[in-house]
Amino acid sequence: MNTSQLRNLSFLSNALSKPLRAQLLGIIDSLYPNPYKDRSIQLVNIYAAFVYSQGHHNFNAISVLNNKSDFQQHLDAFVGFIYEESADRSLKTKATYASRLHNVLRDLAKSVGMDVASESFSANRINDYTQRCIDTYKKSQTDSERLAYLDGWEVTSQERKHCSFNLDFMYVKYGRDFSNKVHNALKRFALTQKTNTLKNHLSCLAPLLETVSALDKRGSVASFEQSINEANVHRTFLKAYQVQLSDCLAKNTKITSFNQRFIAAIDVYQSVFIDTKIYPAPLKPFVKPKIKAVKNAPSFATGGKPSTLEDLRWFADIPLHIKDEQAVEIIKSRLNRDMNHLKSVLVAHFNALLAKQERNKSFIESGWVKPVTSHTRRDVEIGSNCLENTVATFCHYGIKGYDGKQQYEAFLGYRGRGHELNKELNLPTNSTLFTLTALLVIEHPKITPAWLQKLRLFDEHGRRSGYLQVGEQYILTSEKERRGRNLAQQDVVLNEFSKSVVDFIVEHTEIARQHLKALGKPDWKYLLLTSTLNTVTKPSESSQLYKPAPIVSRLLNNKAYAPAEHELTESDIDAIASITTHRSIRRHRGLQIYLETHSQSAVADGLGHKKADPQLLDSYLPQPLMKFFTERVIRQFQKAIILKAMEDSPYLLDAVNMTYEEIEEFLGNHGLNEMPDLNAESFESIVHDDSQSLFDSIVFTITAPLIQLLISIRTIIDTDNDEFISNDLVQHWYQSACYLLNRFELGDFAGNDDIEDMYQTAKTNPLNHEVIKGAIC
């Protein structure tokens, strides 16, 4: 039974009667109130899976609630089912499921006046009661086909990792044999793919197969296979595309992304079914839509999408009257303030971890080890009042090294306080590793979560490979697959501080690494490992290490780690906590680099990209930065018009919402001044006269939209000059357009590659001249 996939199994929806399902959900909510509705549904689904495996349909529990003996046997068999069939779960998780559901069914029995005894469930071993339940379950009648259905449909990647693919829609409509045929094809394909690539491929293929199945109105295996034979498959897939496109438009999903995923689905279908001769190739080629990103003139791609909260923290409430250079400094100061505060807290936590590690080393030397069974009159004192002995005892037995009758944390004097004990033992957790890895990302923003997850400290032969000394330099090395096969390996040269962080991570995870190595599990080779008293795991992509909102909130609100004097409010700290991830740290650092250097190449280098690819930089140089300045210029222009129009009005201050001092500063920085005479003689003077000229005092803020507008103005006036000859403002801009565009056409971009790129963008994406003509008439 795959407990994580039970919600996707259609047949379970009718295993329990609706009144019984509602009653069970109510009991769960009263016994275990929590904000996660999915947890309650999962528990009910586990019970529904048991009932389904016993051959029941629309089960209302009346048959077992009429007799206490029958109900006890039913309950015992259910507990045995959890332990026997939850192969995807650890013993601790099985105990949690069994304990909670045992209590739920006891409450169900109480509702009819039946009193059932409570039972205990051990997280470390199978106790007498659970063994009796397992025996009871094994004697019960179960349907093997239904049990196979509860397992779902897993495939194994090239890296021997499991991925789920939901074939429920096929099983329900076409039966077990046909779904097994498709499943076997997917399993063979999966063995050729890396895990992340496989997940992407499966997520693309599933909607295609489901849509094709929905289009098959007759609902038989023969009709389905007829729809994908060589004569019909191209037509069937075109219908599937039209159905999915309609859904995409209804949901307002990005069409470019939809087209990319549909083409990917066809390619995966080709690899899984056609290349392996399971189904034939089409007589006519598949219809694959051409993908063209929509370019919304007059804007151009400048960056990615920070959260709304980041947008507010960076750009909100910057006064209009100050110079743009001052506005940039405000953005920089806000960004630096948040980053400096975060780094201060992380460094303080890092120092606390270092201090605790040194303390525990001394405790191991001086503490006494508590024996599993004491044969003396006086036990070794242990617990929070005698940490020396606690630490020494754990170090002696190691992870999952205690096999006594008590739970491990109770044996160490911390019954019910496992989280507190983990902190005192300084075990590697998502919390400690987030601090350490976040510090590495701050120092070296080219480090990504995927790069960290793949980082192996040792190779297959047990030799140090991911952390090496080369000459006088220390290097971390891992893979970033997005860079391509030839450039996948990416090295990070550590500085003195980041080296100290890596050294501590190695020491911090050593006890976990040795435990895995002793068990013969290959994850011991990886740098990042988390541990509890009994288990060691390599953090998954979905773990709190990479989705750290609760962790960061606790860290930033811990006054022990906060800088002595800071000006951040509680709402500021909560805002920083809610947006902090490894990716957002990279985005912040990328923006810091850009504001300092004004160079996309510098950002690309800092982030570890193989080149300054604008599409790749989308996620790090945020579009709101350009949007902010574009809107700022528009608002300044509007404010200047109002000031000019209302300069003699008594309502001036109310209209512009400024003081007289701010108005004076605004007019000095952004006021409407007389435009210089950019006539032909002036233009000639800049070409032929090296002395001081009118143009030395002119600064143009170049953007792609501005160049697009200048191209339109020059084109319109060159075509129909008489109409605009009396419009001085248009003539001034026409002269400006001629001056700048002539320079660009001569290849004079003042050595700035960004301006050249903007010019080429503007040329290839001209504006509608008729619209511009109507605007300037």
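For the structure itself, look to the data block above.
Being a predicted model, the structure only gives us computed values, none of them experimental.

Here's the deal with the environment of Ala562
With respect to the helices and strands, the residue Ala562 is situated in the loop between α23 (549-556) and α24 (570-579). Distance from Ala562 to Leu342, taken between C-alpha atoms, is 9.0 Å for residues 220 residues apart in sequence.

Let's talk about helix α5 (residues 91-110)
Between its terminal C-alpha atoms α5 stretches 28 Å, which fits the 28 Å expected from 20 residues at 1.5 Å a residue. What α5 keeps buried is the set Lys94, Ala95, Tyr97, Ala98, Leu101, His102, Val104, Leu105, Arg106, Leu108 and Ala109.

Here's the deal with the packing of aromatic side chains
Overall, the coordinates contain 32 aromatic pairs when judged by the stated rule. A ring pair is formed by Phe11 and Tyr171, whose centres lie 6.2 Å apart and whose planes are at 75 degrees; its orientation type is edge-to-face. Remark: Tyr171 occurs in helix α8 (residues 168-174) and Phe11 occurs in the segment before α1 (18-31); sequence separation between them is 160 residues. Judged by relative accessible area, which is 32%, Phe11 ranks as partly exposed. Under the relative-accessibility criterion, Tyr171 is labelled buried at 9%. With centroids separated by 5.7 Å and ring planes inclined at 70 degrees, the aromatic side chains of Phe81 and Tyr137 adopt a geometry described as edge-to-face. Placement of the pair is Phe81 in helix α4 (residues 68-85) and Tyr137 in helix α6 (residues 128-139), with a sequence separation of 56 residues.

Remarks on the pattern of salt bridges
Considering all chains together, one arrives at 16 salt bridges under this definition. In this structure, Lys181 and Glu225 form a salt bridge, with 2.9 Å as the shortest nitrogen-oxygen distance. Placement of the pair is Lys181 in helix α9 (residues 176-190) and Glu225 in helix α11 (residues 221-227), with a sequence separation of 44 residues. Overall, Lys181 belongs to the partly exposed group, its relative accessible area being 35%. On the basis of relative accessibility, which here comes to 24%, the residue Glu225 falls in the partly exposed class. Between Arg463 and Asp459 there is a salt bridge, and its shortest N-O distance comes to 3.5 Å. Taking the relative accessible area as the measure of exposure, Arg463 reaches 51% and is therefore exposed.

The rules behind the values
- Residues numbered from 1 in each chain as written.
- Predicted model: local features only at pLDDT ≥ 70, side-chain atom pairs only at ≥ 80, totals over all residues.
- Heavy atoms only, no water.
- Helix = DSSP H or I, 4+ residues; strand = E, 2+ residues; numbered from the N terminus.
- Expected span 1.5 Å × (residues − 1).
- Buried < 20%, exposed > 50% of the residue type's maximum accessible area, 1.4 Å probe, protein only.
- Phe/Tyr/Trp six-rings, centres within 6.5 Å; stacked < 30°, edge-to-face > 60°.
- Salt bridge = Lys/Arg side-chain N within 4 Å of Asp/Glu carboxyl O.

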